[in-house]
Structure formats: C-alpha cells, structure tokens
Amino acid sequence: MGEPAATIALLAVPETTASTLYGMYDLFGAAGRDWELLVHGRSGPTLLNPRIVSRDGQGFRTANGAWIQPDGALADLPAPVAICIPDLLVAPEEPLAGRYEAELAWLRAAHDRDVLLAAACTGALLLAEAGLLEGQAATTHWAYCDVLARRYPAVEVHAHRALVVSGEGERLIMAGGGSTWMDLALFLVARLVGTDEAMHLARVYLIDWHGEGQQPYAALTSARQAEDAVIARCQVWAAQHYDTHSPVAGMAEQSGLTERSFKRRFKQATGMTPMDYVHTLRLEEAKQMLESGDAPIDEVAEQVGYADPSFFRALFRRRVGLTPSHYRRRFRGMRLRLQ
C-alpha cells in the first residue's frame, strides 16, 4: 500500500461561498484520480484528502443560501499539511473584529506548527486579522485591496497580482479574486504532490492560468462616493464632463472653493487627487468602449478626453495592465460571446 493521502483542511464560516469551497474540494480530491480515469480507464490513487472544517462541525447555511455540512470541527481534524480559507462574502468595509476568534486562534496555532496556510480571494482578510501577514506580501480580490492595505498597514499589498507566495518558508499563499482560486489550488497540488499532477488537473478541468494577474479585470473606480456633499456634487459633474479640456478646473468651479482648497478637500474625501479621479473615469469609459465597439484606439482616446493618443496608451497600460489593443482582443471577444 502507498502513503496515505495528505490532508488539506478547508475552513468554512457562515460567510463562505459554496462555489469556491466545493470547487477547491473537488479539485484537491481529483489529484491522482481523474487523469488516470480519463486516460487509462481506471481511477488512480487519491493523493490528497480534502476535509471541510468549521468552528463546531455543525452544518449551516451560507450567506448565499447554500447548505454546508462540515466533515468535523476544528479540534477534530487530524493535523493537516495545509489549510485553505475560501472567500468571504462580506462588504469591503464590513468590520471583522470579534467574529472569528476561534478560527483565528486555530490559524495561529497551525502557523506555529509550520502548516501551509492558503487563502482564496477575500479569505486573505482572515490571515491579516490573525496577524499573520504583518511585514509580508499579500493579495486579495481587487475590490478589497485598498481595505486590506488601510486596515492592516504593515501588510505589503500587491493589488495587481493573481497569486502571492510569502512568509517564512513560503508558507503563506494567497490568490486574488474570482476564479483565481483555481490558480491557488493548482499551486498547492504542485507544491504537495508535484508539477506533473497539477498540469494533469489543469488539462482535465480546462483551467487557464491567470498569468496577467487580476488588474485587467478590476474596475478602476474604486473610490467610494464622497460623503462630503460639495465633493459628491463635483463627482457627479465629473461623471458627465470628464472628456472636457480642463475637468479639474471645472470641478473646482462647481465647488465654489479655491482650486487649492478644492484639491485638498477632494483628496481628503475620496483618497484620490482630482486628476487621478478624472483619469479613472476616463479609463473606465475607455474600457467599455473597447469592449463594445470597434472605433480606432486614437479615436477612443480622443472621445474620453485625451488629445495625445500615446499618453493614453501609456496610461492605460500602466493602470489596466494591458495595452488598449490587447484589452480589446481579450474582452471584446468575451462580450460578443455573451451577447
């Protein structure tokens, strides 16, 4: 008989989404088994043993209505070689303090025992809340990166990356948003079983690695609407006039403040300079135009307010992570297939 399958714990909390939890469960359980079944007609040996655990081991209904039945409680699980935290369905600004004390203590104890800790998407917030990311590189879903950086200033957040490996012994692994949990699962299979098996799973499940990171998928308008009524009024004006020649001056005029006072107040209210905010609006509109139309790149640049197409191309590449042409090739085809 061969070696027993290595146990991977999947931590479930009421805010867990079932799709990520059970998707990872299926992928880990397929390691060693499914490739042999498809290619040779017989199941191979199971190489990984995924186990779902929760605080008390009792079944519960998740925030999106799915029923989860854990395999056991935190205290019941035999020592895993790795722990995975699926995503959390929480609002970006929602406080986490005091909600997961048992889970955080369990994660800290596992970390002290040199267990590999991995988090998909917003699951990284639990690693940060446990204090395990201080001084470490990290990533999470693009919509939560600002919150992660602000709430845990000692964490080095890489918003554009789909996968980050950090910590002593590279025992902290995080994936970005959405389907990058597949990248995380494949990485763990490669780490725990071998690269060949990870490649087998990628071929069985038709998984395409997110080599370009998550930046192209991110909505650039990450700044929330300001609570400052004056600045909020300027934001509404900017949304309608971002393509004008001097939108920052126009916003300042709308505010009734001096330009210097307006810029200071705008940055305080939104976390962005007025010009950065205008660039954000322009580039988000450019993304929509590239996805839905076939106008030349220079024309798109002009329509969103850039007289210099080369400046537009460079700014787009820096902020989005792809050139305008590459972005169109990637996302226009996707939009056409979905229509």
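Structural notes, computed from the coordinates.

Procedures and definitions
Residues numbered from 1 in each chain as written. Predicted model: local features only at pLDDT ≥ 70, side-chain atom pairs only at ≥ 80, totals over all residues. Heavy atoms only, no water. Patch = residues over 30% accessible without salt bridge, like charges linked within 9 Å, V, L, I, M, F, W, Y side chains within 5 Å. Areas by Shrake-Rupley, 256 points an atom, 1.4 Å probe, with all protein chains shown as cover. Salt bridge = Lys/Arg side-chain N within 4 Å of Asp/Glu carboxyl O. Helix = DSSP H or I, 4+ residues; strand = E, 2+ residues; numbered from the N terminus. Buried < 20%, exposed > 50% of the residue type's maximum accessible area, 1.4 Å probe, protein only. Phe/Tyr/Trp six-rings, centres within 6.5 Å; stacked < 30°, edge-to-face > 60°. Lys NZ or Arg CZ within 6 Å of the ring centre and 35° of its normal. Core = buried A, V, L, I, M, F, W, Y, C linked by side-chain atoms within 4.5 Å. Contact = heavy atoms within 4.5 Å.

## Side note on a nonpolar patch on the surface
Step number 1: Taken together, L47, V81, L192 and V193 make up a surface patch of nonpolar side chains, about 240 Å² in accessible area.
Step number 2: As for its position among the elements, V193 is in the loop between α6 (181-192) and α7 (195-204).
Step number 3: We classify V193 as partly exposed; its relative accessible area is 31%.

## Details of the packing of aromatic side chains
Step number 1: Within this structure, the stated rule accounts for 7 aromatic pairs.
Step number 2: When the centroid spacing of 5.8 Å and the interplanar angle of 55 degrees are considered together, the rings of F312 and F316 count as tilted. Of this pair, F312 and F316 both sit in helix α13 (residues 309-320), 4 residues apart, roughly one helical turn.
Step number 3: The rings of Y306, F311, F312, F316 and Y327 are connected pair by pair, giving a single aromatic cluster.
Step number 4: One cation-aromatic arrangement involves R282 over Y306; the distance from NZ or CZ to the ring centre is 4.8 Å.

## A closer look at the nonpolar core
Step number 1: Counting 36 residues, the largest nonpolar core has W106, L107, L117 and M174 as the members making the most contacts within it.
Step number 2: If you list the elements that add at least two residues to this core, you get β1 (6-11), β6 (82-85), α3 (101-112), β7 (116-119), α4 (124-129), β8 (137-138) and β11 (172-175).
Step number 3: When sequence neighbours within four positions are dropped, the list of residues in contact with W106 reads A9, L11, V53, L74, L77 and I83.

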